[in-house]
Amino acid sequence: MIYSQEVQHMCVVKKGPNHGPAPIPEEGKWVKAKEIKDISGLTHGIGWCAPQQGTCKLTLNIKEGVIEEALVETIGCSGMTHSAAMAAEILPGKTLLEALNTDLVCDAINTAMRELFLQIVYGRSQSAFSEGGLVIGAGLEDLGKGLRSQVGTMFSTKAKGVRYLELAEGYVTRLALDEDDEVCGYEFVRLGVMMDLIKKGTDANEALKKATANYGRFANAVKYIDPRHE
């Protein structure tokens, strides 16, 4: 280590109090984090790319500074899905600091990593007050049955009104309209459930029927429309 001439000629003034870092909540404990291995927790972060064409939700489960579990969800850009595939292979096994300084292929995923890093090193993780933290695999709970991301996709115009395309319940197949041509319900398909039935040998048409449900005043509608073609 090289000191400037000015510093070399300074006299020594002893350092007084040294209380260390403020403790942060981690998995039900108060931890004075000094090294990456002192960091544990499960949390989520979101990121976006420079043109803001797409976004990423990143979930990491970190134990003693090492990423043990990663859930990468992207939307809005076709290339991001492939970036997510690569990032999901890259992340597990890396320390939190390594991941922060690794190219995760897509700007949105890199930004999510940055935002998530800030949360967890400041003790803002989702599992901050959960004793022992969350088990590896807890990230899958965000996906629900069928292990599909919770997606809301809607399109609307002033001229023709709204079209529901996909909600948390599933892929929307029909919109129900009342006597005023206002939405009063919708029919949807649980795609995850349908695919599971087909994989078990159920006929595709029968699987579609079993995985179809509706919401609202669907049965009492005056008119039904296909939101993608009408």
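To keep things clear, this report deals only with the structure shown in the data block. (Residues numbered from 1 in each chain as written. Predicted model: local features only at pLDDT ≥ 70, side-chain atom pairs only at ≥ 80, totals over all residues. Heavy atoms only, no water.)

**So, the side chain of E27**
Here is the rule we go by: Runs of E in the DSSP output that reach at least two residues are strands. Runs of H or I that reach at least four are helices, and both are numbered from the N terminus. Relative accessibility thresholds used throughout: buried, under 20% of the residue-type maximum; exposed, over 50%; partly exposed, between the two (1.4 Å probe, protein chains only). Two N or O atoms form a polar contact when they lie within 3.5 Å of each other; inside protein one atom must be a possible hydrogen donor and the other a possible acceptor, and for residues adjacent in sequence the pair counts only when both atoms belong to side chains. It only takes one pair of heavy atoms within 4.5 Å for two residues to be counted as in contact.
Structurally, the position occupied by E27 is in the loop between strand 1 (24-26) and strand 2 (29-31). Overall, the relative accessible area of 12% leaves E27 in the buried class. At 2.9 Å, the side chain of E27 forms a polar contact with the side chain of K63. Excluding its chain neighbours within four sequence positions, the residues that come into contact with E27 are S40, G41, I62, K63, S127, A128, S130, E131, G132, G133 and L134.

**Section: the pairing of strand 3 (residues 41-48)**
This is how the line gets drawn: The rule for pairing is simple: two strands pair if DSSP sees at least two bridges between them.
Of all the eight residues making up strand 3, six are buried; the element is thus mostly covered by neighbouring parts of the structure. Pairing between strand 3 and strand 4 (residues 55-63): eight bridges, direction antiparallel. Looking at the pairing, I46 lines up with K57 of strand 4.

**So, the sheet that holds strand 5 (residues 66-75)**
Hydrogen bonding along the main chain pairs the strands of a sheet, whether they run parallel or antiparallel. Keep this limit in mind: Whenever a helix is involved, its axis is fitted only over the stretch in contact; in every case the axis is a line through C-alpha atoms, and angles between N-to-C directions fall within 0 to 180 degrees.
Overall, antiparallel pairing links the three strands, which are arranged 3-4-5 in an open sheet. Only two strands of the sheet have a single neighbouring strand rather than two, namely strand 3 and strand 5. The average angle at which neighbouring strand axes cross in this sheet is 15°, direction not considered. Each of strand 4 and strand 5 is contacted by helix 2 (residues 78-90), which is oriented at about 175° to strand 5, the strand it contacts most. Of the strands in this sheet, strand 3, strand 4 and strand 5 touch helix 4 (residues 107-121), which is tilted by about 140° from strand 3.

**Considerations on the nonpolar core**
Filter applied, for reference: Nine residue types can take part in a nonpolar core, namely buried Ala, Val, Leu, Ile, Met, Phe, Trp, Tyr and Cys, and a core is a set of them joined through side-chain atoms within 4.5 Å.
In terms of nonpolar packing, the biggest core is built from 24 residues, with C56, L58, L60, L91, I109 and M113 touching the most fellow members. Contributing elements (two or more residues each) for this core: strand 4, strand 5, helix 2, helix 3 (96-100) and helix 4. Residue contributions to this core peak at seven residues, all from helix 4. Filtering out sequence-adjacent residues up to four positions away, L91 remains in contact with L58, L60, I67, A70, V72, A99, L104 and M113. Counting residues in each nonpolar core, the second largest holds eight residues, with L167, V172, L175 and Y186 among its members.

**Let's talk about the environment of A207**
The residue A207 is located in helix 6 (residues 204-210) in this model. If we skip the residues at most four places from it in the chain, A207 touches M194, L197, I198 and T202.

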